[in-house]
Amino acid sequence: LESPQPSSQEPENAEFWLPELSRRTGHYNVQRSRPGEKPPYQRCNSQDSLDDLALEDYWKEVEIIKHTGDAEPQEEVQLKVADEGEQEEAWLMEAGLATLFDESAADGEDSMVLLSTLTRTQAAAVEKRVETLKQTLRKRNKPYSVPDVRDIFKPPPSLNTKDDEHATREGSEDGKKEAPSSGEHSGVGNEEEPGGGGAETETDINLEVSFSEQALSYKEGSKVTKPVNEADDKLPDFKVVRDKTGMTKVGDISAADMKKVRRLVLIEMTALFDTAGIDLKTHKPLRRKFKESGLFGVPLSTLLEQDEKRIPGTRVPLIMQRLISHIENEGLQTEGLLRVPGASTRVKAVCQELELKFYDGMFSWESLKQHDAASLLKLFIRELPHPLLTVEYFSAFISVLKFPSKKQQLQALNLLVLLLPEPSRDTLKALLEFLQRVIDHKEQNKMTLNNVAVVMAPSIFMFKGFRSKSTEQQEFAMATGMTNIVRLLIRYQNLLWTIPKFVMIQVRKQNTENQRKMNRDLKKLLKKMAYDREKNNDKAEKSSEPDGGFIRVQAPQFSKVSMAVQLTEELQASDILTRFLSQDSSVLVKREDLCLFEIGGNIKERCLDEETNMKALLELNPSAEWVIKSVQR
């Protein structure tokens, strides 16, 4: 796989190029050589890159898209970049920092707390946007109240505490010490590694130090070389260094804390691109007409809304779930699965029949051929009026390949996945998991990681109605680029839904400071409440603090009695769940549907990784309560 390099023929103000979509038919017009002609320029035929045969499959897929598209005239879609100043203003609002340019904005105190937790590179990213907005307003001779950047990051006196110093050590102040000083090693000792104290290798993903801080040290201490794209069996086996306090995945924390995570991730992602010197332009959201009901060509949010009325808690569109289930039931060993297309006329007819009969349960799934179902799945993704990777971060996903190392590319993808809206993120996850299951049968179906990425890239990146002029050379560069991104998304999907620990530490700091403010405002009331609780509830026991080496675990869904668990050096969350199930045989919930939650203190709510060391977590959050609840996976 060869990463696309910026072309000297780039059109002015272009961020990226996709094959042109005909205004008359809504089909993709791909300018490429005919079979047998010489390729437009030299292509590498090694095992480490996309060869001619693989690219032929890509172009065939584009041709299939052309012939299965809607022949009716479509609304033309052009991606537009926000004007200077407008983009910075939107960014500050999304990051929860609107008060930096609008004093009347709400959540002013929350903004100051957020700013106090930022690392040096994150702070620099904020300062850059504030300064750009200030200069733009000055050019336009508009009145403004943007503060001087030197006055933004004055930490409140209340943050100078032992707890905050510990949290800061996890972030910016240890950036120089812990971030990699060269392209070979990060220099982080890890007590979880065998032998202890060993240096982190290039294939270890460090989640404790800000990615942008690591990138800064990488940039300062090493020679930047062009990343090498390996063949399927040569891609690095990246692994996350285990953290005693447990890994945190998307869906493990409360909506309130996830909102904080998203704001921090936006700032961190921007800082990472800034540090690497990669220009990041976000596009304006699409404003277009779309269907308000049905299956194909309907926004994900609308689909999920209508699906939840039928099955509460639905997070992935039912039609997509059913298509994937049908393909798998027919057998993933089928040679050429996803690559061999269904009959065009038949796929169109089935699409129309599904629109009419799917929700009524009258569609005959037994008559649906497997290759037709695969084509319908790709059509469903492609027909979404808003692309799965979103318009706002479309160019950011493409630009990931500009980072100098695979590790940084993976870190950038991690942040971008966390930034996706929940419907897009959940749907992407279901799709990637299915694609991996297809690859797991590559010996029978001949669909390797490369092959699957090649045939899926057009459906993921070429959304309905998009129009862009591009040269043949640019199209080839984009073909390899889009395929590379899909390849990385599939290969490393297990890492991409992880929330980095440094982000969680920043969330804990914000919650701690917010709690202090609330305590100051409600001190007298809280004292009275605490007194009444102790006086009138003698049976209640504090579950947060160790009592003689024990912690109290509650399971109000299943039992009125709390469970005392002895705290040991090796005690893990999984041990507590095992003990609970062994003591209460009346619990009918499956083990995999139970989770031990950390609640309160410096976190709202967090479902614990089963390998979480309870003593280490108690030291991080001594005021937490421990509750066992059932969860929907």
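Residues numbered from 1 in each chain as written. Predicted model: local features only at pLDDT ≥ 70, side-chain atom pairs only at ≥ 80, totals over all residues. Heavy atoms only, no water.

## Looking at the overall build of the protein chain
Then, number 1: In terms of regular secondary structure, the protein chain is built from 23 helices and eleven strands.
Then, number 2: Buried residues in the protein chain amount to 53% of all 633 residues.
Then, number 3: Partitioning the contacts of the protein chain with sequence separation of at least 6, the portion at a separation of at least 24 is 78%.
Then, number 4: A total of about 30200 Å² of accessible surface is found on the protein chain, and carbon and sulfur atoms cover 48% of it. (Helix = DSSP H or I, 4+ residues; strand = E, 2+ residues; numbered from the N terminus. Buried < 20%, exposed > 50% of the residue type's maximum accessible area, 1.4 Å probe, protein only. Contact = heavy atoms within 4.5 Å. Areas by Shrake-Rupley, 256 points an atom, 1.4 Å probe, with all protein chains shown as cover.)

## A closer look at the packing of aromatic side chains
Then, number 1: Scanning the model with the defined rule gives nine aromatic pairs in all.
Then, number 2: Taking the centre distance of 4.9 Å and the plane angle of 75 degrees together, the rings of Phe363 and Trp365 count as edge-to-face. For the pair Phe363 and Trp365, a shared accessibility class is recorded, and that class is buried.
Then, number 3: A cation over an aromatic ring shows up here: Arg322 above the ring of Trp365, its NZ or CZ 4.3 Å from the ring centre. (Phe/Tyr/Trp six-rings, centres within 6.5 Å; stacked < 30°, edge-to-face > 60°. Lys NZ or Arg CZ within 6 Å of the ring centre and 35° of its normal.)

## Thoughts on the confidence of the model for the protein chain
Then, number 1: Taken over all residues, the pLDDT of the protein chain has a mean of 78, while the share at 70 or more is 69%.
Then, number 2: Confidence drops under pLDDT 50 across residues 1-49; counting only partners more than four residues distant or on other chains, this segment forms 133 contacts.
Then, number 3: For residues 156-199, every residue scores under 50 in pLDDT, and the model assigns this stretch 81 contacts once sequence neighbours within four places are set aside. (pLDDT = per-residue confidence, 0-100.)

## Considering the pattern of salt bridges
Then, number 1: Taken as a whole and judged by the stated rule, the model has 23 salt bridges.
Then, number 2: Notably, a salt bridge pairs Glu61 with Lys378, separated by 2.9 Å at the nearest N-O pair. Here Glu61, found in helix α1 (residues 52-68), pairs with Lys378, found in helix α12 (residues 370-382); they are 317 residues apart in sequence, far enough to count as distant.
Then, number 3: Among the salt bridges present, the one from Glu213 reaches Arg120, with a minimum N-O distance of 2.3 Å. Here Glu213, found in helix α7 (residues 211-221), pairs with Arg120, found in helix α4 (residues 120-139); they are 93 residues apart in sequence, far enough to count as distant.
Then, number 4: Accessibility expressed as a relative area gives 29% for Arg120, which makes it partly exposed.
Then, number 5: Among the ionic contacts, a cluster of salt bridges with common partners joins Lys128, Arg129 and Asp274. (Salt bridge = Lys/Arg side-chain N within 4 Å of Asp/Glu carboxyl O.)

## A few points about the state of the cysteines
Then, number 1: Scanning the entire structure with this criterion turns up one disulfide.
Then, number 2: The residue that forms a disulfide with Cys595 is Cys607, at a sulfur-sulfur distance of 1.8 Å. Between Cys595 and Cys607, the S-S dihedral sits near 120 degrees, and the bridge is therefore right-handed. With Cys595 in strand β9 (residues 594-600) and Cys607 in strand β10 (residues 603-607), the pair connects residues that are twelve residues apart, well separated along the chain.
Then, number 3: We classify Cys595 as buried; its relative accessible area is 2%. (Disulfide = S-S within 2.5 Å.)

## Brief notes about the sheet that holds β10
Then, number 1: A sheet is described by the order of its strands in space; here five strands give the open sequence β8-β7-β11-β9-β10, paired in mixed fashion. Edge strands, defined here as strands with exactly one partner in the open sheet, are β8 (563-566) and β10. Recorded for the sheet is a direction-independent mean angle of 30 degrees between the axes of neighbouring strands.
Then, number 2: Here six bridges tie β9 to strand β11 (residues 625-630), and the two strands are oriented antiparallel to one another. If you follow Leu596 over to β11, its bridge partner there is Ile628.
Then, number 3: Against the sheet, helix α22 (residues 573-583) engages β7 (550-554), β8, β9 and β11, with an angle of about 135 degrees to β8. (Pairing = 2+ DSSP bridges. Axes fitted to C-alpha atoms, helices over the stretch in contact; angles between N-to-C directions.)

## A short note on unusual backbone geometry
Then, number 1: Of note in this structure, Leu338 is not a glycine but carries a positive phi near 80 degrees.
Then, number 2: Mapped onto the elements of the fold, Leu338 is located in the loop between α10 (318-329) and α11 (344-357).
Then, number 3: With relative accessibility at 0%, the residue Leu338 sits in the buried group.
Then, number 4: Not every positive phi belongs to a glycine, and Thr390 is a case in point at roughly 70 degrees.
Then, number 5: Looking at where Thr390 falls in the secondary structure, it is placed in the loop between α12 and α13 (394-399).

## Things to note about the environment of Pro556
Then, number 1: Here Pro556 shows up in the loop between β7 and β8.
Then, number 2: As a C-alpha pair, Pro556 and Ile628 span 72 residues in sequence and 7.8 Å in three-dimensional space.
Then, number 3: With residues up to four places along the chain from it excluded, the contact list for Pro556 reads Val627 and Ile628.

## Structural notes on the nonpolar core
The nonpolar side chains of a soluble globular protein tend to be buried with one another.
Then, number 1: One finds Leu338, Leu354 and Leu376 to be the most contacted residues of the largest nonpolar core, which totals 127 residues.
Then, number 2: Not counting the four nearest positions on each side in its chain, Leu354 is found in contact with Leu295, Phe296, Ile319, Phe363, Trp365 and Leu376.
Then, number 3: Ranked by size, the runner-up nonpolar core spans 23 residues in total, among them Leu567, Leu594, Met614 and Leu620. (Core = buried A, V, L, I, M, F, W, Y, C linked by side-chain atoms within 4.5 Å.)

## Points about helix α15 (residues 422-439)
Then, number 1: Taking 1.5 Å per residue, 18 residues should reach 26 Å; α15 reaches 26 Å between its end C-alpha atoms and fits that length.
Then, number 2: Within α15, the full set of buried residues consists of Ser424, Arg425, Asp426, Thr427, Leu428, Ala430, Leu431, Leu432, Phe434, Leu435, Val438 and Ile439. (Expected span 1.5 Å × (residues − 1).)

## Focus: the pairing of β7
Then, number 1: The alternating pattern of β7 places Ile551 and Val553 on a buried face, while none of Phe550, Arg552 and Gln554, on the opposite face, is buried.
Then, number 2: The sheet contact formed by β7 and β8 spans four bridges and is antiparallel. Across the sheet, the residue bridging to Val553 is Met563, located in β8.
Then, number 3: Of the strand pairs in this sheet, β7 and β11 are connected by two bridges, and their pairing is parallel. When the sheet's bridge partners are listed, Gln554 is paired in β11 with Val627.

## Notes on the side chain of Glu61
Then, number 1: Its relative accessible area of 2% is what places Glu61 among the buried residues.
Then, number 2: In this structure the side chain of Glu61 is engaged in a polar contact, spanning 2.9 Å, whose partner is the side chain of Lys378.
Then, number 3: Not counting chain neighbours up to four residues away, the residues in contact with Glu61 comprise Leu338, Arg339, Lys378, Val455, Pro458 and Ser459. (Polar contact = N/O pair within 3.5 Å; in protein donor to acceptor, adjacent residues only side chain to side chain.)

## Brief notes about the packing of α4 against helix α8 (residues 255-275)
Then, number 1: Contact geometry of α4 with α8 gives a least axis separation of 8 Å together with a crossing angle of 85 degrees. On the basis of their axis angle, the class for α4 and α8 is roughly perpendicular. Residues Thr121, Gln122, Ala125, Val126, Lys128 and Arg129 of α4 form the contact with α8, whose participating residues are Ile267, Glu268, Thr270, Ala271, Asp274 and Thr275.
Then, number 2: Within the contact of α4 with α8, the residues separate by chemical class into four nonpolar, four polar and four charged. (Parallel < 35°, antiparallel > 145°, perpendicular 65-115°, else oblique. Nonpolar A, V, L, I, M, F, W, Y, C, P; charged D, E, K, R; others polar.)

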